[in-house]
Amino acid sequence: MISLFIDTSNSDVSIAVCNDDVILANICDSIPNMHSVYVVPYLEKIVNEAGIDFSDIDKIMVVNGPGSFTGIRIGLTVAKILGYCLNKSIIPVSSLKALALSSSGDYIMSIIDARNDNYYIGFYDRYYNEIIPEHFANIEEINDLLLKYDDVCLVSNSELNINNYIVNKVSYDVLNIVNYYKDEEEIDAHNLKSNYLKLPQAVCDHNDK
């Protein structure tokens, strides 16, 4: 089974093609604010390096959030176009769960910076089951959770310093992510939606007027 994985939800763009337990080709590059320029060329490059045609792809997986508002939209747009063209449904992937799947521990807390001491968080057990639903949280709630649970592995996609807790910046374990999600429910490209967890601040400010 050939799977295509796409993530443009943060400053790094990650695209990979896997055939079962083998990564045929992958790229991870930090290109802040340049996703719209590089994603399609990177996608074409990865497919060529994998030695396949787009029509050979069996599964399309795309990170649908949380993360950068613009970045998420770019990834979803590319995935939708591929879904339409290839007549394939799409599997949405949580950026928080993807970080957890790239880590290990009795408890894993994935943290993505949402600015102003606010964060997107996911909290999982060693089997990657949610202990609490993924959500938008402030620093006080994170502190409370870390006091309640022992030996929590903190992971993020960026360098973070949270009240002297060690937060490990991790790279995606693409094979583990793909294998975890391969049997998840597929969504028709038309119905694929973003998972922001919180509206962008500009939208919130507009709604408050």
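In this report, we go over the structure that sits alongside the text. (Residues numbered from 1 in each chain as written. Predicted model: local features only at pLDDT ≥ 70, side-chain atom pairs only at ≥ 80, totals over all residues. Heavy atoms only, no water.)

Digging into the overall build of the protein
Step number 1: Of regular secondary structure, the protein possesses six helices and twelve strands.
Step number 2: When its C-alpha atoms are laid out on the principal axes, the protein stretches across 50 × 45 × 30 Å.
Step number 3: Each of the 209 residues in the protein was classed as buried or not, and the buried ones make up 47%.
Step number 4: Taking all contacts inside the protein whose residues are at least 6 apart in sequence as the whole, residues at least 24 apart take part in 60%.
Step number 5: Entry remark: accessible area of the protein is about 10700 Å², with carbon and sulfur atoms responsible for 45%.
Step number 6: Counting 14 positive and 30 negative side-chain charges, the protein places the centres of these two groups 5 Å from one another. (Helix = DSSP H or I, 4+ residues; strand = E, 2+ residues; numbered from the N terminus. Buried < 20%, exposed > 50% of the residue type's maximum accessible area, 1.4 Å probe, protein only. Contact = heavy atoms within 4.5 Å. Areas by Shrake-Rupley, 256 points an atom, 1.4 Å probe, with all protein chains shown as cover. Lys, Arg positive; Asp, Glu negative; His and termini not counted. Charge placed at Lys NZ, Arg CZ, Asp CG, Glu CD.)

Some thoughts on the layout of surface pockets
Over the atoms rolls a probe the size of a water molecule, and its path tells where empty space is left.
Step number 1: Of the volumes computed, that of the largest pocket is approximately 910 Å³.
Step number 2: In terms of lining residues, the largest pocket is bounded by 31 residues, among which Gly-67, Ser-68, Phe-69, Asp-113 and Arg-115 are the most central.
Step number 3: Of all elements in the fold, only α1 (35–50), α2 (69–86), β6 (107–113) and β7 (118–125) reach the threshold of two or more residues within the lining of the largest pocket.
Step number 4: Examining the composition of the lining of the largest pocket, we find that four residues originate from one element, α2, more than from any other.
Step number 5: Residue composition of the lining of the largest pocket, grouped by class: eleven nonpolar, 15 polar and five charged.
Step number 6: Within this model, the second largest pocket holds a volume of roughly 240 Å³.
Step number 7: Along its surface, the second largest pocket is lined by 17 residues, and Asp-12, Cys-28, Val-170, Ser-171 and Tyr-172 are the ones closest to its centre.
Step number 8: Here the lining of the second largest pocket is composed, by residue class, of nine nonpolar, five polar and three charged. (1 Å grid on protein atoms, 1.4 Å probe; cavity = no way out; pocket = protein on both sides within 12 Å on 5 of 7 lines; lining within 4 Å. Points joined across faces, edges and corners; volume = space filled by probe spheres on them. Nonpolar A, V, L, I, M, F, W, Y, C, P; charged D, E, K, R; others polar.)

A few points about the packing of α1 against α2
Step number 1: Where α1 meets α2, the axes come as close as 10 Å, and the angle between the chain directions of the two elements is 35°. As for the relative orientation of α1 and α2, their crossing is right-handed in sense. Touching His-35, Ser-36, Val-39, Val-40 and Leu-43 of α1 are Ile-74, Val-78 and Leu-82, all from α2.
Step number 2: Of the residues assigned to the contact of α1 with α2, the class counts are six nonpolar, two polar and no charged. (Axes fitted to C-alpha atoms, helices over the stretch in contact; angles between N-to-C directions. Left-handed = near helix turned anticlockwise from the far one by under 90°.)

Brief notes about the state of the cysteines
Step number 1: By the definition in use, this model includes zero disulfides.
Step number 2: Not engaged in a disulfide, the cysteine Cys-153 finds its nearest cysteine sulfur in Cys-28; these two sulfurs lie 19 Å apart. (Disulfide = S-S within 2.5 Å.)

Quick word on the nonpolar core
Step number 1: Of all hydrophobic cores here, the largest spans 29 residues; its most connected members are Leu-4, Ile-15, Val-17, Ile-52, Val-62, Leu-82 and Ile-90.
Step number 2: Elements that contribute at least two residues to this core include exactly β1 (2–7), β2 (12–19), β3 (22–30), α1, β4 (59–65) and α2.
Step number 3: Those residues in contact with Ile-52, other than ones at most four positions away along the chain, are Ile-2, Val-17, Leu-24, Val-47 and Ile-57.
Step number 4: Core analysis: the next-biggest nonpolar cluster, separate from the first, contains 25 residues, Cys-18, Ala-98, Cys-153 and Ile-177 among them. (Core = buried A, V, L, I, M, F, W, Y, C linked by side-chain atoms within 4.5 Å.)

Purely spatial values, then, with no claim about function.
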